[in-house]
Amino acid sequence: QVLLVESGGGLAQAGESLRLSCLASGDSLRNYVLGWFRQAPGKEREFVSAIGGSGIMYADFVKGRFAVSKDVAKNMMYLQMNNLKPEDTGVYYCARRHYSRTTNQVGDYNYWGQGTQVTVSS
């Protein structure tokens, strides 16, 4: 069973920073792609970032502001979010693919966490 548990969400003002964490079970970080996605109220879930065997990907709207990283020894993936904007508000999800090629498609990810809420006020 694959377990993904997000933490670190909360309330921030525009321009501030938050760091999200994803605790992943088993060998998820070593052998598979892990990604961050988000979903704002009334909108579809969208790709934020992913890290895996073929590299790191970012959505254009977070380039230069967000950074993904992982600590294999701790089974943790992180998303450092800087210079937050109100449009970054949403539920952020950690997800894992079956495979090692990094992609940005929601449908390519097979396992999902419960999500953590991020709210950015102006």
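These numbers were taken from a predicted model, which means no experiment stands behind them.

A.B. asks: Could you clarify how one ought to interpret the environment of Ala-12 in this entry?
C.D. replies: Positionally, Ala-12 belongs in strand S2 (residues 10-13). The class of Ala-12 is buried, set by a relative accessible area of 3%. In this structure, Ala-12 is in contact with Leu-18, Leu-84, Thr-119, Val-120 and Ser-121, ignoring residues within four places of it in sequence.

A.B. asks: Looking at this structure, I do not really get the nonpolar core. What am I missing?
C.D. replies: Counting residues in each nonpolar core, the largest one holds 29 residues, and the members touching the most others are Trp-36, Phe-66, Met-77, Leu-79, Met-81 and Tyr-92. Elements supplying a minimum of two residues to this core: strand S3 (18-24), strand S4 (34-39), strand S5 (46-52), strand S7 (66-71), strand S8 (76-81), strand S9 (90-96) and strand S11 (116-121). With residues near it in sequence (within four places) discarded, Met-81 still touches Glu-16, Ser-17, Leu-18, Leu-20, Arg-65, Phe-66, Tyr-92 and Val-118.

A.B. asks: I tried to follow the side chain of Arg-38 on my own but got confused; where do I start?
C.D. replies: Structurally, the position occupied by Arg-38 is in strand S4. Of the polar contacts made by the side chain of Arg-38, one reaches the side chain of Glu-46; its length is 2.7 Å. At 2.8 Å, the side chain of Arg-38 and the side chain of Asp-88 are in polar contact. Not counting chain neighbours up to four residues away, the residues in contact with Arg-38 comprise Glu-44, Arg-45, Glu-46, Val-48, Phe-61, Val-62, Phe-66, Glu-87, Asp-88, Val-91 and Tyr-92.

A.B. asks: I tried to follow the sheet that holds S3 on my own but got confused; where do I start?
C.D. replies: As a general point, the strands of a sheet are linked pairwise by backbone hydrogen bonds and lie either parallel or antiparallel. Ordered by their spatial adjacency, four strands build an open sheet running S1-S3-S8-S7, and the pairing between neighbours is antiparallel. If you trace the sheet from one side to the other, it starts and ends with strand S1 (4-7) and S7, each paired once. The mean angle between the axes of side-by-side strands here comes to 15°, regardless of whether they run parallel or antiparallel. Alignment of S3 against S8, held across six bridges, turns out to be antiparallel. Opposite Cys-22, over in S8, you have Met-77 as the bridge partner.

A.B. asks: Whenever I open this one, the state of the cysteines confuses me. Can you help?
C.D. replies: Applying the stated rule across the entire model yields one disulfide. One disulfide bridge connects Cys-22 with Cys-94, the sulfur atoms lying 2.0 Å from each other. Its torsion about the S-S bond being -70°, the disulfide of Cys-22 and Cys-94 is classed as left-handed. Taken as a pair, Cys-22 in strand S3 and Cys-94 in strand S9 lie far apart in primary sequence, 72 residues in all.

Rules used in this analysis
Residues numbered from 1 in each chain as written. Predicted model: local features only at pLDDT ≥ 70, side-chain atom pairs only at ≥ 80, totals over all residues. Heavy atoms only, no water. Helix = DSSP H or I, 4+ residues; strand = E, 2+ residues; numbered from the N terminus. Buried < 20%, exposed > 50% of the residue type's maximum accessible area, 1.4 Å probe, protein only. Contact = heavy atoms within 4.5 Å. Core = buried A, V, L, I, M, F, W, Y, C linked by side-chain atoms within 4.5 Å. Polar contact = N/O pair within 3.5 Å; in protein donor to acceptor, adjacent residues only side chain to side chain. Pairing = 2+ DSSP bridges. Axes fitted to C-alpha atoms, helices over the stretch in contact; angles between N-to-C directions. Disulfide = S-S within 2.5 Å.

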